[in-house]
Amino acid sequence: MARNVGRIFSGFRCSGSLPFGKTQLKTRCPRLLLRTTPERTVVQALSSIFSHKSRDFSLPNSSWGEEMMRLYNHYSSQSGEAAEGQEDQGEQWTRLPSYNRSLKYATGGVYLSKIIQSKARLFTRNIRDTGAAFEYVLFFRRDKQRCVCIFQAGHLLEGPPGHVHGGAIATMIDTVTGTHASLLSAPVMTANLNINYRSPIPLGSTVLVESTMDKEEGKKTFLSCRVTSTDGSKLHTEAAALFVSINVSHLLRG
Ligand SMILES: CCCCCCCCCCCC(=O)SCCNC(=O)CCNC(=O)[C@H](O)C(C)(C)COP(=O)(O)OP(=O)(O)OC[C@H]1O[C@@H](n2cnc3c(N)ncnc32)[C@H](O)[C@@H]1OP(=O)(O)O
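Residues numbered from 1 in each chain as written. Predicted model: local features only at pLDDT ≥ 70, side-chain atom pairs only at ≥ 80, totals over all residues. Heavy atoms only, no water.

Under an unreviewed UniProt entry, the name given to the protein is Acyl-coenzyme A thioesterase THEM4, and the organism recorded is Fundulus heteroclitus. Per UniProt, the protein has the following entry under Sequence similarities (unreviewed entry): "Belongs to the THEM4/THEM5 thioesterase family." (UniProt positions renumbered as here; feature names shortened; annotations may be inferred.)

What follows is the structure, given as structure tokens:
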């Protein structure tokens, strides 16, 4: 798990690719600062202002319905860490944490998110009313190059009466394939997303969003995605996505 998640946004890590001054760059690598008193002071000050504790939104909460909980327990029971001294073959599902700021995934990201854009929040995790919009949890299986997401659509996501808005479905597909592509070749941005809507998703229902890696070609990662009923009998949506690897400086250029 640690190794997989550690790959997320690995490009942020002490890469020097950000056009920051020396001091700011070093704040991302606190261990390097031990002998530098003024910078250590800055880090300590930042640490006290910004909490290190990130809320993980992919853990169960009171809004999760029976089906969401059943599937969560199902995948959780098939997930776990490799035993000590044993190589992790990726033969189990790994639950992926989910935070409200994407930079929290990066080492030192809690500081970076303040520096880059203090008010930024990850779209799907910025609704305070629990259960009102996107309730989801992702599991990753490295050996099968697959991600599965259990998604419960809240009432704020209404499009056609009683059903989920197509843009909200696209958001979840982008999120699942984007997270999957990030695990494989972080950091990435969506270049192309092609969606076919096959049958409407009832509001409040729980569905599965499954992503499969099709191929990698240089900077490009191609994935396909299917949204189905939880028993797999009904296809709601299918999509093909292309993600392109970027340098962090790409985001700062605008
Ligand atoms: C866990 C994490 C936490 C976070 C978890 C959250 C996950 C959420 C994920 C959300 C992700 C998003 O919504 S991202 C936001 C939406 N996306 C964007 O705003 C992207 C805007 N576009 C761009 O910035 C750029 O165009 C890029 C990055 C897509 C590509 O620019 P570039 O880096 O200059 O790429 P470039 O060298 O030109 O092209 C590289 C190769 O890709 C191909 N290519 C480039 N664009 C396209 C395209 N639209 N369609 C087909 N092919 C394309 C080129 O032909 C080339 O192929 P070849 O010649 O090599 O064969």
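Still more ground to cover, so stick around.
Draft legend 1. Region of interest: the environment of R70. With respect to the element layout, R70 can be found in helix α4 (residues 66-77). Spatially, the C-alpha atoms of R70 and L183 are 26 Å apart, while their sequence positions differ by 113 residues. (Helix = DSSP H or I, 4+ residues; strand = E, 2+ residues; numbered from the N terminus.)

Draft legend 2. Looking closely at the side chain of S211. Examined against the element boundaries, S211 turns out to sit in strand β5 (residues 206-217). Of the polar contacts made by the side chain of S211, one reaches the side chain of H180; its length is 2.7 Å. Beyond its immediate stretch of four places on either side in the chain, S211 contacts Q145, R146, C147, V176, T177, H180, L223, S224 and C225. (Polar contact = N/O pair within 3.5 Å; in protein donor to acceptor, adjacent residues only side chain to side chain. Contact = heavy atoms within 4.5 Å.)

Draft legend 3. Structural context of the sheet that holds strand β6 (residues 220-229). Spatial ordering of the open sheet is given by β1-β2-β3-β5-β6-β7-β4, a layout of seven strands whose pairing is antiparallel. With one partner strand each, in any of the chains shown, β1 (94-96) and β4 (188-197) form the two edges of the open sheet. Neighbour-to-neighbour, the strand axes of this sheet turn through a mean angle of 25°, independent of strand direction. Sheet topology places β5 next to β6; ten bridges connect them, and they run antiparallel. The partner of V207 across the bridge, within β6, is S229. Packed on one face of the sheet, helix α6 (residues 166-185) meets β1, β2 (134-141), β3 (146-153), β4, β5, β6 and β7 (235-245) and runs near 135° to β4. (Pairing = 2+ DSSP bridges. Axes fitted to C-alpha atoms, helices over the stretch in contact; angles between N-to-C directions.)

Draft legend 4. A look at the site of the ligand. Close contacts around the ligand come from 15 residues, with D174, T190, K219, K220 and H250 the closest. Within the backbone of A191, a nitrogen or oxygen atom sits 3.0 Å from a nitrogen atom of the ligand. Put simply, the parts of the chain that give the shell around the ligand at least two residues each are α6, β4 and β7. Per-element accounting of the shell around the ligand gives the leading share, four residues, to α6. Taken together, the residues that form the shell around the ligand break down as seven nonpolar, five polar and three charged. (Near = heavy atom within 4 Å. Nonpolar A, V, L, I, M, F, W, Y, C, P; charged D, E, K, R; others polar.)

Draft legend 5. Looking closely at the UniProt feature "domain: Thioesterase" (unreviewed entry) in the protein. The sites that UniProt annotates as "domain: Thioesterase" (unreviewed entry) are residues 162-233. When the span residues 162-233 is considered, its composition is 28% helix and 44% strand, and the gap between its end C-alpha atoms is 21 Å.

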